[in-house]
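Below, each chain spelled out in residue letters.
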Amino acid sequence: MKNIVVLVSGSGTNLQRIIDTIDNGEIRNAKVTLVVADRECYGLERAKNHHIENILIPRGKNFSSELSKVIPENTDLIVLAGFLSILKPELCEAWKGKIINIHPAMLPKFGGKGMWGMNVHHAVIEAKEKESGATVHFVTSGIDEGETILQKCFEVTENDTPETLAEKVHQIEYEIFPKAINKVLNNVPI
Ligand code: GAR
């Protein structure tokens with residue numbers, strides 16, 4: 001059994017999708033052993049609802065060192081699922097190849113500092129992009145710069161708003177995240 005730690009900051013619908021696709025077998029042979037939040041959020045409630053161990057470590061300069069102390073040694077994968085703090089380089093290095101993130105755009109476009117959540121969708125609309133999407137990638141010390149595992153795009157239409165993009169991106173995320181996790185954990189081809 002592979003052990004996954006999930007980091008959240010928000011509503012945690014991607015966490016829910018991970019829990020559900022482990023349950024339905026889409027993600028094979030895995031278990032969420034711990035959910036860590038960097039602020040009060042609904043993601044924590046989801047962990048509680050599923051009786052998954054959970055902890056709140058307030059965001060700030062000690063977050064990464066506190067996180068290092070609570071990640072079980074037998075963790076196979078750390079998954080950032082709508083997680084908004086920047087992890088310290090030492091932590092990224094210590095867990096190299098074992099931390100992945102989902103980003104609500106087609107990296108390398110619309111990544112980096114300040115590019116998170118609705119900011120991304122506003123930027124995509126403002127730039128009159130023809131397409132957007134989601135990317136699952138390895139986490140390195142460079143923000144949103146690690147190697148891409150899987151990404152998928154869709155067409156942005158004239159009627160799209162940041163809100164409709166957020167909804168469409170979420171649907172793409174629910175599709176590609178379990179596949180990417182299965183690939184990294186179990187080497188299942190995509
Ligand atoms: C997701 O769209 C995720 O890609 C984004 O936050 C949302 C979280 O939704 N993450 C980032 O912007 C990270 N830079 P959720 O809490 O419902 O899973």
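In this text, all values refer to a predicted model and were calculated from it rather than measured experimentally.

What counts, and at which threshold
Residues numbered from 1 in each chain as written. Predicted model: local features only at pLDDT ≥ 70, side-chain atom pairs only at ≥ 80, totals over all residues. Heavy atoms only, no water. UniProt positions renumbered as here; feature names shortened; annotations may be inferred. 1 Å grid on protein atoms, 1.4 Å probe; cavity = no way out; pocket = protein on both sides within 12 Å on 5 of 7 lines; lining within 4 Å. Helix = DSSP H or I, 4+ residues; strand = E, 2+ residues; numbered from the N terminus. Contact = heavy atoms within 4.5 Å. Buried < 20%, exposed > 50% of the residue type's maximum accessible area, 1.4 Å probe, protein only. Near = heavy atom within 4 Å. Polar contact = N/O pair within 3.5 Å; in protein donor to acceptor, adjacent residues only side chain to side chain. Areas by Shrake-Rupley, 256 points an atom, 1.4 Å probe, with all protein chains shown as cover. Sits in = over half its atoms within 2 Å of the grid points. Nonpolar A, V, L, I, M, F, W, Y, C, P; charged D, E, K, R; others polar.

Further remarks concern the UniProt feature "binding site: (6R)-10-formyltetrahydrofolate" (unreviewed entry) in the protein. As recorded in UniProt, the feature "binding site: (6R)-10-formyltetrahydrofolate" (unreviewed entry) lies at Arg59 and Asn101. Checked against the lining of the largest pocket, the annotated residues reduce to Asn101. Structurally, Arg59 is set in the loop between strand E3 (54-56) and helix H3 (63-70). Beyond its immediate chain neighbours, meaning those up to four positions away, Arg59 contacts Asp38, Arg39 and Ser85. Mapped onto the elements, Asn101 comes out in strand E5 (residues 99-103). Here Asn101 falls in the buried class, since its relative accessible area comes to 8%. Setting aside anything within four residues of it in sequence, one finds Asn101 in contact with Leu80, Thr135, Val136, His137, Val139 and Asp144.

Turning to the site of the ligand, a few remarks are in order. Close contacts around the ligand come from 16 residues, with Ser11, Gly12, Thr13, Gly117 and Glu173 the closest. Within the backbone of Gly12, an N or O atom sits 2.8 Å from an oxygen atom of the ligand. One nitrogen or oxygen atom from the side chain of Thr13 is found 2.5 Å from an oxygen atom belonging to the ligand. Look at the ligand: alone it shows 460 Å² of surface, and the protein chains cover 90% of it. Taking a 2 Å distance to the grid points as the criterion, the majority of the atoms of the ligand fall inside the largest pocket. Secondary structure elements with two or more residues in the shell around the ligand: helix H1 (13-23), E5 and helix H6 (162-186). Each residue belonging to the shell around the ligand can be placed in one class, and the counts come to 6 nonpolar, 9 polar and 1 charged.

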